[in-house]
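# Summary of structural features
Single-letter residue listing:
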Amino acid sequence: MPEVKRQVPLEFEKPLNVLAQQIDNLEAQLQEQPDLEPELRHLKEQYTSLRKSLYSNLRPIDRLAIARHPERPYTRDYFERWDPQWIELHGDRHGTDDSAMVGGLLDFGNDLKVIAVGTQKGRTIKEKQSCNFGMPQPEGYAKALRLFKHAEKFGLPIVTLIDTPGAYPGLAAEEHNQAQAIAINLLELSGLTVPVVAVVTGEGGSGGALAIGVANRILMLEHSVYSVISPEGCASILWRSADKVSDAAQSMKITAREILELGVIDGIITEPLGGAHKDPEATAKAAKTAIMSQLTELVKMSGGEVRHDRQHKFRSMGKWRDQ
């Protein structure tokens, strides 16, 4: 019988939490009352069955909650698992080092070295504040751009990890021209001659995500989301009500399966039952395998073919009808 792991429960997991507490109580009594073993086994079977049922019928709002889970792996967690000796590269070369954007040189093995860039949210309150809760400033996108150009100069493939509510919308960011910083990244990424693979690992929010997401291949973790605005923002604009967040999430088609059907992404990376936070090691391994599979094909192309492939991908998105 699998162990019942205790982690921060989400709203839709409350029935599971009730069963977990009952299991804890029985296990505490088991030494003095061995006859409780059959009941304990039955409860664990119920837990396993309910868990599978819950995760087979998730609503978009539930997947959003998983994507935002505080114990979900972040960019640094993936980098450290992929290459414990990875070399972090700091700064935008204009005097700023935005902690919400991290990147460096990683060795993926099989003689494949990459420049990896991703958004970082932070764990502790201090880290969250330092990383601005995963919302990069213009200087963060300038930092990413510097690394993209570094990759282009040395012929290194690029891997980007996306997990951000969006670019920071504060006054200072606007004063430093946030929109231009994002636009420059879109332009430069589209013209690179080295392969780019992007993975949405949590939240893929708006232009803040797209600024590091113009890639030859875009993948999403099973419970990640990708959207032009948060469901909360959508509900606020369309219905002027926080009660409509679930309706907004349903209408916006933000889940990996829906985004794949729209033709925006190229594949979905399966997560462990319950989400990436249940087994970060397995999730990191699955993500690396998926990335390597894409890069293996892309590195066979010439620089011109890589650029044309990326531009054709984005030009082909969407459907239209001539009148």
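Relevant structure appears above.
An account of the accompanying structure is given in this report. (Residues numbered from 1 in each chain as written. Predicted model: local features only at pLDDT ≥ 70, side-chain atom pairs only at ≥ 80, totals over all residues. Heavy atoms only, no water.)

## Here we look at the overall build of the chain
Rule in force here: A run of DSSP states H or I qualifies as a helix once it reaches four residues; a run of E qualifies as a strand once it reaches two. Both are numbered from the N-terminal end. The size measure is the radius of gyration over C-alpha atoms, and the globule rule it meets is 2.2 Å times the number of residues to the 0.38 power. Exposure classes here rest on a 1.4 Å probe applied to the protein chains alone. A residue is buried below 20% of its type maximum, exposed above 50%, and partly exposed in between. In this analysis, two residues are considered to be in contact whenever any of their non-hydrogen atoms come within 4.5 Å of each other. Using the Shrake-Rupley algorithm and a 1.4 Å probe, accessible areas are obtained, with residue cover drawn only from the displayed protein chains. As used throughout, the charge tally considers Lys and Arg to be positive and Asp and Glu to be negative, leaving His and the chain termini uncounted. Charge coordinates come from a single atom per side chain, which is NZ of Lys, CZ of Arg, CG of Asp or CD of Glu.
Looking only at helices and strands, the chain has 14 helices and eight strands in total. The C-alpha radius of gyration of the chain comes to 21 Å, within 12% of the 20 Å expected for a compact globule of 323 residues. With the principal axes as the frame, the chain shows a C-alpha extent of 70 × 50 × 45 Å. The proportion of buried residues among the 323 residues of the chain is 47%. Of the contacts made within the chain by residues no fewer than 6 positions apart, 71% connect residues no fewer than 24 positions apart. When the accessible surface of the chain is split by element, carbon and sulfur atoms take 51% of a total near 16,200 Å². On the chain, the mean spot of the 38 positive side-chain charges and the mean spot of the 43 negative ones are 4 Å from each other.

## A few points about the packing of aromatic side chains
Heads up, the condition is: When two rings of Phe, Tyr or Trp (its six-membered ring) have centres within 6.5 Å they constitute a pair, described as stacked for plane angles under 30 degrees, edge-to-face for angles over 60, and tilted for the intermediate range. Think of it as a cone above the ring: NZ of Lys or CZ of Arg counts as a charge over the ring if it is within 6 Å of the ring centre and within 35 degrees of the ring normal.
The tally for this structure, following the rule as stated, stands at five aromatic pairs. Centroid distance Phe12 to Tyr55: 5.5 Å. Interplanar angle 70 degrees. Geometry classified as edge-to-face. Of this pair, Phe12 sits in the segment before α1 (14-29) while Tyr55 sits in helix α2 (residues 37-56); the two residues are 43 residues apart in sequence, bridging distant segments of the chain. A centroid spacing of 5.7 Å and a plane angle of 45 degrees characterise the contact between Tyr78 and Trp82, whose relative ring orientation is tilted. In this pair, Tyr78 and Trp82 both sit in helix α4 (residues 75-82), four residues apart, roughly one turn of the helix. Comparing Tyr78 with Trp82, the two get one shared label, buried. Cluster of aromatic residues (ring-pair linked, three or more members): Tyr78, Phe79, Trp82, Trp86 and Phe108. Arg123 extends its terminal NZ or CZ atom over the ring of Tyr74, reaching a point 4.0 Å from the ring centre. Taking the ring centre of Phe108 as reference, the NZ or CZ of Lys288 above it sits at 5.6 Å.

## Here we look at the pattern of salt bridges
In plain terms, the rule: We count a salt bridge whenever a side-chain nitrogen from Lys or Arg sits within 4 Å of a carboxyl oxygen from Asp or Glu.
Within this structure, the stated rule accounts for 15 salt bridges. Note that Arg68 and Glu232 form a salt bridge whose closest N and O atoms lie 2.7 Å from each other. Of this pair, Arg68 sits in the loop between α3 (60-67) and α4 while Glu232 sits in helix α10 (residues 231-238); the two residues are 164 residues apart in sequence, bridging distant segments of the chain. Its relative accessible area of 30% is what places Arg68 among the partly exposed residues. Under the relative-accessibility criterion, Glu232 is labelled partly exposed at 33%. Asp77 is the partner of Arg123 in a salt bridge, and the nearest nitrogen-oxygen pair spans 2.7 Å. One end of the pair, Arg123, is in the loop between β3 (113-119) and α5 (125-130); the other, Asp77, is in helix α4, with 46 residues separating them in the sequence.

## Focus: α1
Cut-off, in case you're wondering: Under the convention used throughout, the expected extent of a helix is 1.5 Å for every residue step, that is, one less than its residue count. Starting at the helix axis, one direction is taken to each C-beta atom, and the arc is that of these directions.
When the terminal C-alpha atoms of α1 are compared, their 23 Å separation across 16 residues agrees well with the 22 Å that a helix rising 1.5 Å per residue should span. Those residues of α1 not exposed but buried are Leu16, Leu19, Ala20, Ile23 and Leu26. Down the axis of α1, the buried set is contained in an arc of 125 degrees. They therefore lie on one face. On the buried face of α1, the contacting elements are α2.

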